[in-house]
Amino acid sequence: MIRLAKKEDLGAINEIYNYEVAHSIYNVDTRPVTHEERLLWYENHPKNELPILVKEVKGETIAWASLSQWTTHGGYSKTAEVAIFVARNVHRQGLGKELLRNLIEKAEELEYKSLVSRIVAGNTPSIKLHQLFGFKYVGVMRRIAHKLDQWVDVQIWQKDLFI
């Protein structure tokens, strides 16, 4: 089941996220997110503006996705950034597709006009997922992030929702 996140999901959300922080160059955060930071993040995502979705199976949150404010400049108010994270032990089961499909539907309901994703170059599964849903490659920021002793490029992908 996919549903809106609740405060009770924050522990699982953080566990999934912080695993990637510690083990992957595809998440450029360099330190784990604390519970307090995650709670503040949650409170800054009103469900009727910036929803957080979770995939729950047998009462366990195994994946999540969110829309976040792209920037605080007012002219970007109808643009949101997409994030999708799936627990390591359930990769390649279509959960990203399911979450991204639902996230796009929510964005359309909320009348967003553009969705943006930042994807570390080389993250082929994420790139293919975004392409599947009509995201287009916009450009690359070269060697913009340093993680696990290497510099990485970050690509920008965008989906136009003007329909």
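The structure under discussion appears in the preceding block.
Below you will find a few notes about this structure. None of the values given here were measured: they were computed from a predicted structure.

Reading guide: rules and limits
- Residues numbered from 1 in each chain as written.
- Predicted model: local features only at pLDDT ≥ 70, side-chain atom pairs only at ≥ 80, totals over all residues.
- Heavy atoms only, no water.
- Helix = DSSP H or I, 4+ residues; strand = E, 2+ residues; numbered from the N terminus.
- Rg over C-alpha atoms; globule rule 2.2 N^0.38 Å.
- Buried < 20%, exposed > 50% of the residue type's maximum accessible area, 1.4 Å probe, protein only.
- Areas by Shrake-Rupley, 256 points an atom, 1.4 Å probe, with all protein chains shown as cover.
- Lys, Arg positive; Asp, Glu negative; His and termini not counted.
- Charge placed at Lys NZ, Arg CZ, Asp CG, Glu CD.
- Phe/Tyr/Trp six-rings, centres within 6.5 Å; stacked < 30°, edge-to-face > 60°.
- Lys NZ or Arg CZ within 6 Å of the ring centre and 35° of its normal.

1. Here we look at the overall build of the protein chain
Phase 1 of the analysis: Helix and strand counts for the protein chain stand at four helices and seven strands.
Phase 2 of the analysis: Each helix and strand of the protein chain, ordered N terminal to C terminal, gives the series β-α-α-β-β-β-α-β-α-β-β.
Phase 3 of the analysis: Over its C-alpha trace the protein chain gives a radius of gyration of 15 Å, about what one expects of a compact globule, namely 15 Å for 163 residues.
Phase 4 of the analysis: If one aligns the C-alpha atoms of the protein chain with their principal axes, the spans along those axes are about 40 × 40 × 30 Å.
Phase 5 of the analysis: Relative to its full complement of 163 residues, the protein chain shows a buried share of 45%.
Phase 6 of the analysis: Approximately 9,400 Å² of the protein chain is accessible, and the part contributed by carbon and sulfur atoms is 50%.
Phase 7 of the analysis: In the protein chain, which carries 22 positive and 20 negative side-chain charges, the distance between the mean positions of the two groups comes to 6 Å.

2. Observations regarding the packing of aromatic side chains
Phase 1 of the analysis: Counted under the stated rule, the structure contains five aromatic pairs.
Phase 2 of the analysis: On the numbers, 5.0 Å between centres and 65° between planes, the contact of Tyr 17 with Phe 85 is edge-to-face. Separated by 68 residues along the polypeptide, Tyr 17 in helix 1 (residues 10–23) and Phe 85 in strand 4 (residues 79–86) bring together distant segments of the chain. Take Tyr 17 and Phe 85: they sit in the same class, and that class is buried.
Phase 3 of the analysis: Between Trp 41 and Trp 64, the ring centres sit 5.3 Å apart and the planes meet at 75°, which makes this aromatic pair edge-to-face. Of this pair, Trp 41 sits in helix 2 (residues 35–43) while Trp 64 sits in strand 3 (residues 60–69), and the two are 23 residues apart along the sequence. Here Trp 41 and Trp 64 have matching classes, each one buried.
Phase 4 of the analysis: Each residue in the set Tyr 17, Trp 41, Trp 64 and Phe 85 is aromatic and connected to the rest through ring pairs, giving one cluster.
Phase 5 of the analysis: The lysine or arginine in question, Arg 38, covers the ring of Tyr 17, its NZ or CZ lying 4.8 Å from the ring centre.

The values are spatial; any link to function lies outside them.
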